[in-house]
Amino acid sequence: MIRLSNVTFISENNLILDNINWHVERGQHWALLGRNGSGKTTLLEIISGYQFPTRGNVVVLGAAYGQVDLREQRKRLGYISQSLFEKLTPRDPVWEAVATGAYAHLRFYEEIAPEVKERAYERLKQFGLEKHAEHPVGTLSQGERKKAMLARALMGSPELLILDEPCSGLDLYQRENYLEVLQSISGEAAMLYVTHHMEELFPAITHVALIREGRLTAAGEKRDVLTAENIKEAYDVSVTLEWEGERPWVRVIKK
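Residues numbered from 1 in each chain as written. Predicted model: local features only at pLDDT ≥ 70, side-chain atom pairs only at ≥ 80, totals over all residues. Heavy atoms only, no water.

I tried to follow the sheet that holds strand β4 (residues 55–60) on my own but got confused; where do I start?
Backbone hydrogen bonds hold the strands of a sheet together, and the pairing may be parallel or antiparallel. Taking strand neighbours across the sheet as the criterion, the 4 strands line up as β2-β1-β4-β5 in an open arrangement whose pairing is antiparallel. The open sheet has two free edges, formed respectively by β2 (14–24) and β5 (63–64), since each of these has just one partner strand. In this structure, strand β1 (residues 2–11) lies alongside β2, joined through 7 bridges in antiparallel fashion. Note on β2: the bridge partner recorded for Val-7 is Ile-20. Helix-sheet contacts for helix α1 (residues 40–48) involve β1, β2 and β4, and the interaxial angle to β2 is about 60°. (Pairing = 2+ DSSP bridges. Helix = DSSP H or I, 4+ residues; strand = E, 2+ residues; numbered from the N terminus. Contact = heavy atoms within 4.5 Å. Axes fitted to C-alpha atoms, helices over the stretch in contact; angles between N-to-C directions.)

Sorry if this is basic, but what is going on with the packing of aromatic side chains here?
Here the distance between the centres and the angle between the planes together describe a pair of aromatic rings. The final tally for this structure, using the stated rule, is 4 aromatic pairs. Measuring from ring centre to ring centre gives 5.4 Å for Trp-22 and Trp-30, while their planes differ by 80°; the resulting arrangement is edge-to-face. Per residue, the accessibility class of Trp-22 equals that of Trp-30, and both read buried. Cation over ring: Arg-74 sits above Tyr-50, and NZ or CZ is 4.2 Å from the ring centre. (Phe/Tyr/Trp six-rings, centres within 6.5 Å; stacked < 30°, edge-to-face > 60°. Buried < 20%, exposed > 50% of the residue type's maximum accessible area, 1.4 Å probe, protein only. Lys NZ or Arg CZ within 6 Å of the ring centre and 35° of its normal.)

Looking at this structure, I do not really get the sheet that holds strand β8 (residues 190–195). What am I missing?
Spatially, β6-β7-β8-β3-β9-β10 is the arrangement adopted by the 6 strands of the open sheet, whose pairing is mixed. On the outer flanks of this sheet lie β6 (77–80) and β10 (215–221), each paired with one strand and no other. When strand polarity is set aside, the average angle formed by the axes of neighbouring strands in this sheet is 15°. As paired elements, β6 and strand β7 (residues 160–164) share 4 bridges and run parallel to each other. Paired with Gly-78 across the strands is Leu-161, a residue of β7. Together, β6 and β7 form the strand contacts of helix α6 (residues 142–154), whose direction differs from that of β6 by roughly 165°. The sheet contacts of helix α7 (residues 172–184) involve β6, β7 and β8, and relative to β8 the element is tilted by about 155°.

This is the structure in structure tokens:
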């Protein structure tokens with residue numbers, strides 16, 4: 001599903017990613033964890049085709065980047081980030097913002113097909129947002145925005161769903177509600193989930209990669225990777241780790 005081979009990324013003489021080799025197989029849901037500035041977002045942008053590696057090869061969903069039309073490739077991916085939401089027009093109705101996901105556009109400039117509008121309404125209903133369908137995007141609460149962006153990402157029936165810190169800004173109730181939604185749709189597409197918070201790793205997440213200063217320090221099944229030793233190596237923080245309901249819960253050990 002994803003094959004990164006010797007991927008290096010240098011920006012303004014700064015080494016952002018250093019010889020990344022990472023394989024993601026079908027049927028797996030991955031989380032990518034690491035400190036601020038470790039290269040997580042850059043890695044997502046390369047997988048999504050918005051950045052190109054300085055060196056190395058990228059193959060996503062069987063398509064070798066550099067040999068594929070990235071505009072068509074992105075239609076196979078669902079990408080969710082706060083920066084993407086900010087590019088939407090606040091006055092557009094919610095259903096229309098969701099419908100743009102069917103074409104990987106941010107706005108429509110022609111008449112929208114009735115079946116696309118119907119699917120947008122169905123997705124909104126799936127996530128409990130049908131009453132907001134005709135409201136402007138800018139009126140949604142933080143939690144509602146997250147669900148609307150998820151509905152938008154799923155409009156194109158993506159094979160891979162990329163989530164860049166999707167729970168940022170959510171309170172405890174909204175976070176847990178959103179994670180339940182992600183769990184419920186985990187059969188629709190493979191997931192690549194980026195977060196700073198390990199307790200967000202809902203049960204459907206099967207694998208974890210840890211990144212530090214542009215290098216993967218560990219990658220594999222989540223219980224094998226998420227150990228106190230590996231977390232210490234990635235974060236320079238000593239912790240104890242407990243598992244409950246297939247979710248990891250971390251406590252920092254104070255010196």
